[in-house]
Amino acid sequence: MSVLPINLRRIRDEKMNQLRKGQNAYAETEELVRLMKRAIEKENMPVQCDATNSGCWFIPLSTSKTS
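A quick note: this is a predicted structure, and the numbers were derived from the prediction, not measured.

Time to look at the pairing of strand E3 (residues 55-60). When strand E1 (residues 25-27) meets E3, the two strands line up antiparallel, connected through 3 bridges. Paired with Ala27 across the strands is Cys56, a residue of E3. Note that strand E2 (residues 47-52) and E3 share 6 bridges and pair antiparallel. Residue pairing in the sheet places Thr52 in a bridge with Gly55 of E3. The antiparallel pairing of E2 with E3 creates a hairpin that spans 2 residues between the two strands.

Per-residue confidence for the protein chain gives a mean pLDDT of 89, with 84% of residues at or over 70. Taken element by element, the protein chain is modelled with least confidence in helix H1 (residues 5-20), mean pLDDT 92, and with most confidence in E1, mean pLDDT 97.

The full count for this structure, using the stated rule, is 1 aromatic pair. Between the aromatic rings of Tyr26 and Trp57, the centroid separation amounts to 4.8 Å while the plane-to-plane angle is 50°, which identifies the pairing as tilted. On the criterion of sequence distance, the pair formed by Tyr26 in strand E1 and Trp57 in strand E3 is long-range, its members being 31 residues apart.

Despite not being glycine, Asn44 shows a phi value in the positive range, around 55°. The topology assignment puts Asn44 in the loop between helix H2 (30-43) and E2.

Relative to the elements of secondary structure, Asn17 occurs in helix H1. A distance of 2.5 Å separates the side chain of Asn17 from the side chain of Arg20, its partner in a polar contact.

Rules behind the numbers
Residues numbered from 1 in each chain as written. Predicted model: local features only at pLDDT ≥ 70, side-chain atom pairs only at ≥ 80, totals over all residues. Heavy atoms only, no water. Pairing = 2+ DSSP bridges. Helix = DSSP H or I, 4+ residues; strand = E, 2+ residues; numbered from the N terminus. pLDDT = per-residue confidence, 0-100. Phe/Tyr/Trp six-rings, centres within 6.5 Å; stacked < 30°, edge-to-face > 60°. Polar contact = N/O pair within 3.5 Å; in protein donor to acceptor, adjacent residues only side chain to side chain.

This is the structure we're talking about:
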């Protein structure tokens, strides 16, 4: 099954909004992971990427540390 590029971009935008809100986001395809990494780099967003066998978790890193 093929996913249209426009749908991947919409999904990327939704997941980027999750990251901006401080929520984790999960990308399940290589293409979506690539789009996410490109968008994260473009926004210079501090995010940890945890790759698994089935996809990649994007975890926003807090810029201010509180104890």
